[in-house]
Amino acid sequence: MDRITPEARSANMKAVRRKDTAPEMIVRRLLYVTGYRYRLHIKKLPGSPDIVFVGRKKAIFVHGCFWHGHECRAGRRPQSRQEYWLPKIARNQERDAAAIRQLHRMGWNTLVVWQCETNAPNRITLETKLRDFLGAASTTAKISP
Ligand SMILES: [Zn+2]
């Protein structure tokens, strides 16, 4: 069982605040080995998506379960200082939803990858999810006989 101690949680929260988080690196590596090429953190797009496929107009957000309020074990709301955490998490969720709405209006497709989906046992499922979202990798599509 991976019970999260308060210390681990606060270390976790600090870690997910950084730009190149471990879950994001896992997704990037997965995309790279499967032949997808992408750009990172395009600030001019709503929500500054973490991984962007400009030609395909597809954007991926990699969200930390705690900060973005995922309905999973890692996303459980803290029992202490709720008056501090809950509004922060709610604000993040509102911002996330607004960015996705705007991107859709601009004709973009979006995918949210949750931190818990990048855990080792879930990576096969994640790879399928990424392939379904992106379609064939351009490198294979370009190979001519
Ligand atoms: Zn989660």
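Residues numbered from 1 in each chain as written. Predicted model: local features only at pLDDT ≥ 70, side-chain atom pairs only at ≥ 80, totals over all residues. Heavy atoms only, no water.

Below, the discussion takes up the overall build of the chain. Looking only at helices and strands, one finds 5 helices and 4 strands in the chain. Starting at the N terminus, the α and β elements of the chain follow one another as α-α-β-β-β-α-β-α-α. The buried share of the chain, taken over its 145 residues, is 41%. Here the analysis covers contacts within the chain between residues at least 6 apart in sequence; of these, 55% occur between residues at least 24 apart. Entry remark: accessible area of the chain is about 8,900 Å², with carbon and sulfur atoms responsible for 54%. (Helix = DSSP H or I, 4+ residues; strand = E, 2+ residues; numbered from the N terminus. Buried < 20%, exposed > 50% of the residue type's maximum accessible area, 1.4 Å probe, protein only. Contact = heavy atoms within 4.5 Å. Areas by Shrake-Rupley, 256 points an atom, 1.4 Å probe, with all protein chains shown as cover.)

Here we come to the sheet that holds strand 3 (residues 58-63). Taken in spatial order, the 4 strands line up as 1-2-3-4 in an open sheet, and their pairing is mixed. Both outer strands of the open sheet, strand 1 (39-40) and strand 4 (109-114), are each paired with one neighbouring strand and no more. Alignment of strand 1 against strand 2 (residues 51-53), held across 2 bridges, turns out to be antiparallel. Its bridge partner lying in strand 2, Leu 40 is registered against Ile 51. (Pairing = 2+ DSSP bridges.)

Our next topic: the coordination of the zinc ion. Surrounding the zinc ion are the protein donor atoms Cys 65 (SG), His 70 (ND1), Cys 72 (SG) and Cys 116 (SG), at 2.0 to 2.4 Å. Every donor counted, the 4 donor atoms about the zinc ion form angles of 102 to 119 degrees at the centre, which fits tetrahedral coordination. Here the donor residues of the zinc ion are spaced in sequence according to C-x4-H-x1-C-x43-C. Taken as a pair, His 70 in the loop between strand 3 and helix 3 (82-105) and Cys 116 in the loop between strand 4 and helix 4 (123-134) lie far apart in primary sequence, 46 residues in all. Of the residues examined, Cys 116 reaches a relative accessible area of 16% and is grouped as buried. (Donors = N, O, S within 2.8 Å, 3.2 Å for Na, K, Ca; no water. Tetrahedral: all angles 85-135°; square planar, octahedral: opposite > 155°, others 65-115°.)

On to the nonpolar core. Counting residues in each nonpolar core, the largest one holds 15 residues, and the members touching the most others are Val 27, Leu 31, Ile 51, Phe 53, Ile 60, Val 113 and Leu 130. Sorting the residues of this core by element identifies helix 2 (22-33), strand 2, strand 3, strand 4 and helix 4 as the ones contributing at least two each. By residue number, the principal contributor to this core is helix 4, which donates 4 residues. The residues touching Phe 53, leaving out its near neighbours within four places in the chain, are Leu 31, Tyr 36, Arg 37, Tyr 38, Lys 58, Ile 60, Trp 108 and Leu 134. Core analysis: the next-biggest nonpolar cluster, separate from the first, contains 13 residues, Ala 59, Cys 65, Trp 108 and Cys 116 among them. (Core = buried A, V, L, I, M, F, W, Y, C linked by side-chain atoms within 4.5 Å.)

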